[in-house]
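# A look at the structure
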Amino acid sequence: MKVRIGFEIHEQLATRTKLFCRSPADYRDAEPNTNVCEVCLGMPGAKPMGVNAEAVEGVIAIALMLNCELVREPVYILRKHYDYPDLPSGYQRTSMPIGKNGELAGVGIWEVHLEEDPGKYDPVTGRVDYNRSGVPLVEIVTAPDITSPEEARNFMRELVKVLHYSGRVRREGGTMRVDVNVSIEDGARVEIKNINSIKGLYRALKFEITRQKNLRRRGKAVKRETRAYIEEQMITKSMRTKETAEDYRYIPDPDLPPLRITEELVERVRSELPEAPHQKLQRFMQQYRISRDDAWAITSEPEMADAFEQVCGQVEPGRAAAFFRHIIKKTLNYHGMSFAESGLTVRDILAVLGAISSGRLSQQAAELVLREVVERGAEAEELIQRLSKLDEQSLASAVEQAIRENPGAVQDYRSGRREAINYLVGQVMRITRGRADAEKALEMLQERLS
Ligand SMILES: [Zn+2]
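Residues numbered from 1 in each chain as written. Predicted model: local features only at pLDDT ≥ 70, side-chain atom pairs only at ≥ 80, totals over all residues. Heavy atoms only, no water.

By the secondary structure assignment, Glu264 is in helix α5 (residues 263-271). Measuring from C-alpha to C-alpha, the distance between Glu264 and Tyr27 comes to 33 Å, with 237 residues separating the pair along the chain. (Helix = DSSP H or I, 4+ residues; strand = E, 2+ residues; numbered from the N terminus.)

On to the coordination of the zinc ion. For the zinc ion, the full set of protein donor atoms is Cys21 (SG), Ser23 (OG), Cys37 (SG) and Cys40 (SG), and the range of their distances to it is 2.2 to 2.3 Å. Taken together, the four donor atoms coordinating the zinc ion and their angles of 103 to 117° define a geometry best described as tetrahedral. Donor residues binding the zinc ion come from one chain and are separated in sequence as C-x1-S-x13-C-x2-C. Summarising the burial analysis for this pair, Cys21 and Ser23 share the class buried. (Donors = N, O, S within 2.8 Å, 3.2 Å for Na, K, Ca; no water. Tetrahedral: all angles 85-135°; square planar, octahedral: opposite > 155°, others 65-115°. Buried < 20%, exposed > 50% of the residue type's maximum accessible area, 1.4 Å probe, protein only.)

On to the pairing of strand β5 (residues 99-104). Two strands pair when backbone bridges link them, and strand β2 (residues 69-70) and β5 are joined in this way by two bridges, in the antiparallel orientation. By the bridge assignment, Glu69 is partnered in β5 with Lys100. Note: β5 against strand β6 (residues 107-116), five bridges, orientation antiparallel. Paired with Gly102 across the two strands is Ile109, which belongs to β6. Taken together, β5 and the strand that follows it, β6, pair antiparallel across an intervening segment of two residues, in which Ala105 is found at a positive phi of about 50°. (Pairing = 2+ DSSP bridges.)

This brings us to the pairing of strand β9 (residues 136-142). When a strand is regular, its side chains alternate between the sheet's two faces. β9 sits mainly inside the fold: seven of its seven residues count as buried. Of the two faces of β9, the one lined by Pro136, Val138, Ile140 and Thr142 and the one lined by Leu137, Glu139 and Val141 are each fully buried. In the sheet, strand β1 (residues 3-12) pairs with β9 via five bridges, with the strands oriented antiparallel. Looking across to β9, one finds that Glu11 is bridged to Val138.

Glancing now at α5. Residue pairs three or four apart in sequence face the same way in an α-helix, which turns once every 3.6 residues. Within the span of α5, buried status applies to Leu265, Val266 and Val269. Projected down its long axis, α5 carries its buried residues within an arc of 95°, all on one side. What points out from α5, more than 90 degrees from its buried face, is the exposed set Glu264 and Ser271. Along its buried surface, α5 packs onto α1 (53-65) and β2. (Arc of directions from axis to C-beta. Contact = heavy atoms within 4.5 Å.)

As a further point, take the packing of aromatic side chains. Scanning the entire structure with this criterion turns up seven aromatic pairs. Taken together, a centroid distance of 5.8 Å and an interplanar angle of 10° make the contact between Phe7 and Phe155 stacked. Residue Phe7 is found in strand β1, and its partner Phe155 is found in helix α2 (residues 149-166); the two are separated by 148 residues along the sequence. For the pair formed by Phe7 and Phe155, the shared burial category is buried. (Phe/Tyr/Trp six-rings, centres within 6.5 Å; stacked < 30°, edge-to-face > 60°.)

Okay, structure coming up:
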């Protein structure tokens, strides 16, 4: 049974102010309901101030990076009506498409819009926080070209990468929301709402496709409806039968003139457009003569790619690439962090690479330094001082200690279980708190025990 999956993706734009007022768009440090004004609270009589130009440019940039055509007709700002506590005015403002007919990684991009974020309603406490009410969002609507949860995951990773590269969206994370349409062969389209991570998206799709297939096998029809993804239980749950466009009673907002996406504006945004991830990947392979896999790993985020280029000013690119792909990525994955979040600086990286090449740091100790920097924001230079390799004599005494304290392992090794020596190497590393050179320790142990 053929599966068809399409997305509506919403991400906050990194503008200074909200879409229709001067309240700051970044509300992260604000107490609930303090980052507001009469406009974004939807007070009676409050009029929008016109559309935030920075937000419009952001959407144009993203549309261009998604290979869209820019709309030349007047773009009306519509009121989309629905009743929910997160929406003080009773309608959400959303633009008609600004970009159309794009493509990314083989998936059609139908439309790119500008939209305002509603407030945040907590159904458990019944409280609403309007701090994010009116924050500009980019909305991206894809064609239903995706056919499996795995493809969906890959596509979303690619899209998130492009959004980050655009430099136009919030990087703090946790602000993306995805609605997914899923249908299986001739079945009704089901929409799943409230997904806010790629992992959640994958799980929701796995669950929903199985649910629909099971219904079909039992001879039942799949209802056209909207379902919510319940993160804790990894299931989807019926919310309501699907609204049709009429339910939203779309009308152009009489307080706002339509946007004009002029040739001049588009060309200006185009001329300032950052390099797209796939372009950077190609350039890295050519310019630094590194493998596709290395380039792929390093260009996974723009901040890491920038750091790599700076490091390459002083370190041989092949060596830098191996360090970024194998050591830095590993550390970031271990902590579930992006490079941007990690606080790693070019200075830290150069210090660690320098200490490795001068023989002061072992590979293991280098990893330890990175971990400490990422975990506690420690100074790499200082850690390197502390973790610099042991001199011969201290290593020898650590080897003696390991032998003394582990007669069982020594016995095993001598009676032919050669792998027992790895345990002893581990003990030397423990005794020296990772400062020993593992290879040297192995050599010393072998010599001492032969
Ligand atoms: Zn406001």
